[in-house]
Amino acid sequence: MSVAVVLAAAGSGSRMGAPGNKVLLSLDGKPVLSHSLDCFSVMDEVCELVVVTREVDRQAVSELVHQAVPDKKTQVVLGGASRQDSVYLGLLALTTPAEWIVIHDGARPFITPGLVRKGLRAAQEHRAVGIAVPVKDTIKKVQDGFVLETPDRAELWAMQTPQIFARDLILQAYAWAQEEGLSVTDDCSVLEAFGHPVHIVPGEYANIKITTPDDLPQSTAFSVGFGYDVHALAANRPLILGGVLIPHDKGLLGHSDADVLTHALMDALLGAMGGGDIGELFPDTDPKYKGACSIDLLKQVLVIMEDRQFTLGNLDITVMAEKPKLKTWKTSIKSKLAQVLAIEESQINLKATTTEGLGFVGREEGIAAQAVVLLRSN
Ligand code: MG
């Protein structure tokens, strides 16, 4: 069986409220379009792939196609004014004599080889196949704000792509539709108007079309980071933990305000985003950071986090100190951190422990802090 694919990716994405093409938006770490390209790339029966796109996206789309489908004949061609025109241009660009044509929307990234093959099997018998799912909602025909009609839901199916056709049939039907000036929103409609029966193959509800930003599922890409810091205790120094001044007869020694908790937290954040450590970012050889407020440095780390499009999941911090007892200060530290990080206090867990008199912490020579954070990449 030989299959050629026409992938429609010429939409403007105007409903996305973003100027760019929605097929180039990121989904699970790669552009929406690449998900479909990867699906067809691994299908041995696919011998040719034509992607239809806009001039403005041509280079970006060409690079993706080149990367994702290196072993097949591919072309990136310019689309027309409507989806129908674009698909027709894609069909005309095909050069191999593949028996079957799969037409798919680049904005449907959840396509799988299994679904395409299910359609291809049905196409052997029916020559024109649409993937669709039964409508779950009650659908009403509405005019000027009033219901005209409620069609029987049992007969209603929502069309998806891929739609699959015998080569000669789809070329003939599309040429006829162009001649007749027919305007349709999916490829099966062309066959229906042409008078050829269209067979429906049940698809998957997950095979959604990305139309608005809400359709982009929450990213599932998480990264974890760990931070550790120690500062020595000394007389005549303030003890600052998480930006909160804690009354004590000793404070922490350091180039900055020596806020050991905030330092561990910053290193955890940088760790999760692959951003090095605070020593690289705020070197203690730089006089600029002498006596620096660590919360201000944390705010700089948050700017980097935003630039790299990470959001905070949760953080878990442990402070190791023999004295003072931090139990009564936990609430104010959490509240301060939540305010600076612009998250809920429930996303922060703060633990304090002694080391049972052992080591430098036990001898009250210093305080140590550890932090673990989870970031979500958007
Ligand atoms: Mg430090």
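Thresholds applied
- Residues numbered from 1 in each chain as written.
- Predicted model: local features only at pLDDT ≥ 70, side-chain atom pairs only at ≥ 80, totals over all residues.
- Heavy atoms only, no water.
- Donors = N, O, S within 2.8 Å, 3.2 Å for Na, K, Ca; no water.
- Helix = DSSP H or I, 4+ residues; strand = E, 2+ residues; numbered from the N terminus.
- Buried < 20%, exposed > 50% of the residue type's maximum accessible area, 1.4 Å probe, protein only.
- Salt bridge = Lys/Arg side-chain N within 4 Å of Asp/Glu carboxyl O.
- Patch = residues over 30% accessible without salt bridge, like charges linked within 9 Å, V, L, I, M, F, W, Y side chains within 5 Å.
- Areas by Shrake-Rupley, 256 points an atom, 1.4 Å probe, with all protein chains shown as cover.
- Pairing = 2+ DSSP bridges.
- Axes fitted to C-alpha atoms, helices over the stretch in contact; angles between N-to-C directions.
- Parallel < 35°, antiparallel > 145°, perpendicular 65-115°, else oblique.
- Contact = heavy atoms within 4.5 Å.
- Nonpolar A, V, L, I, M, F, W, Y, C, P; charged D, E, K, R; others polar.
- Core = buried A, V, L, I, M, F, W, Y, C linked by side-chain atoms within 4.5 Å.

Enquirer: Explain the coordination of the magnesium ion to me, and be specific about the residues and the numbers.
Expert: Coordination sphere of the magnesium ion, protein contribution only: D229 (OD), H231 (NE2) and H263 (ND1), at 2.1 to 2.3 Å. Sequence positions of the donors to the magnesium ion reduce to the motif D-x1-H-x31-H. Taken together, the residues span a long stretch of sequence, with D229 in strand β12 (residues 222-235) and H263 in helix α7 (residues 260-272) at a distance of 34 residues. H263 matches D229 in its accessibility class, with the two residues each being buried.

Enquirer: A description of the pattern of salt bridges should follow, citing residues and the corresponding values.
Expert: Per the counting criterion, the structure on display carries nine salt bridges. Between R54 and D57 there is a salt bridge, and its shortest N-O distance comes to 3.0 Å. Within the structure, one salt-bridge network assembled from shared partners comprises R83, D105, D187 and K209.

Enquirer: Explain a nonpolar patch on the surface to me, using residue names and the numbers behind them.
Expert: Together, V224, F226, Y228, V230 and V372 line one region of the surface with nonpolar side chains, adding up to about 450 Å² of accessible area. When residues of the nonpolar patch are assigned to their parent elements, the largest contribution, four residues, is made by β12. Residue placement: V224 occurs in strand β12. Note on V224: relative accessible area 58%, which makes it exposed.

Enquirer: I'd like a description of the sheet that holds strand β16 (residues 310-320), backed by residues and values.
Expert: Strand order in the open sheet formed by five strands is β15-β12-β18-β16-β17, and the pairing between neighbours is mixed. Both outer strands of the open sheet, β15 (250-252) and β17 (348-353), are each paired with one neighbouring strand and no more. Averaged over all pairs of adjacent strands, the angle between strand axes in this sheet comes to 20°, irrespective of strand direction. Sheet topology places β12 next to β15; three bridges connect them, and they run antiparallel. Residue pairing for β15: A234 is matched across the bridge by G251.

Enquirer: Can you tell me about the packing of helix α5 (residues 167-180) against helix α6 (residues 187-194), naming the residues and giving the values?
Expert: Between two packed helices, both the angle of their axes relative to each other and the distance between the axes serve to describe the pair. Relative to each other, α5 and α6 sit at 80°, their axes nearing to 9 Å. By the angle between their directions, the pair α5 and α6 is classed as roughly perpendicular. Residues L169, I170, Q172, A173, Y174, W176 and A177 of α5 form the contact with α6, whose participating residues are D187, V190, L191, A193 and F194. In the contact of α5 with α6, the residues fall into ten nonpolar, one polar and one charged.

Enquirer: I'd like a rundown of the nonpolar core, residues and numbers included.
Expert: Formed by 58 residues in total, the largest nonpolar core has its most connected members in L37, F40, V51 and L91. Top element by residues in this core is strand β1 (residues 3-9). It accounts for seven residues. Contact partners of F40, with chain neighbours within four places excluded, come to V5, L7, V46, L49, K72, V102, H104, I111 and V116.

Enquirer: Before we move on, could you go through the environment of Q172 and cite the residues and values that matter?
Expert: Its location among the elements puts Q172 in helix α5. For Q172, a relative accessible area of 48% corresponds to the partly exposed category. Linking Q172 and L191, residues 19 residues apart in sequence, is a C-alpha distance of 9.5 Å.

Enquirer: Would you mind going over the pairing of β1 in detail, with residue names and values included?
Expert: For β1, the buried fraction is high: seven of the seven residues fall into the buried class. In β1, alternate side chains face the same way, and those of V3, V5, L7 and A9 on one face and A4, V6 and A8 on the other are all buried. Pairing analysis gives six bridges linking β1 to strand β6 (residues 100-105), with the strands arranged parallel. Within β6, the residue paired with A8 across the bridge is D105. Where β1 lies against strand β4 (residues 46-53), seven bridges are found, and the strand directions are parallel. Across the sheet, V5 pairs through a bridge with L49, a residue of β4.

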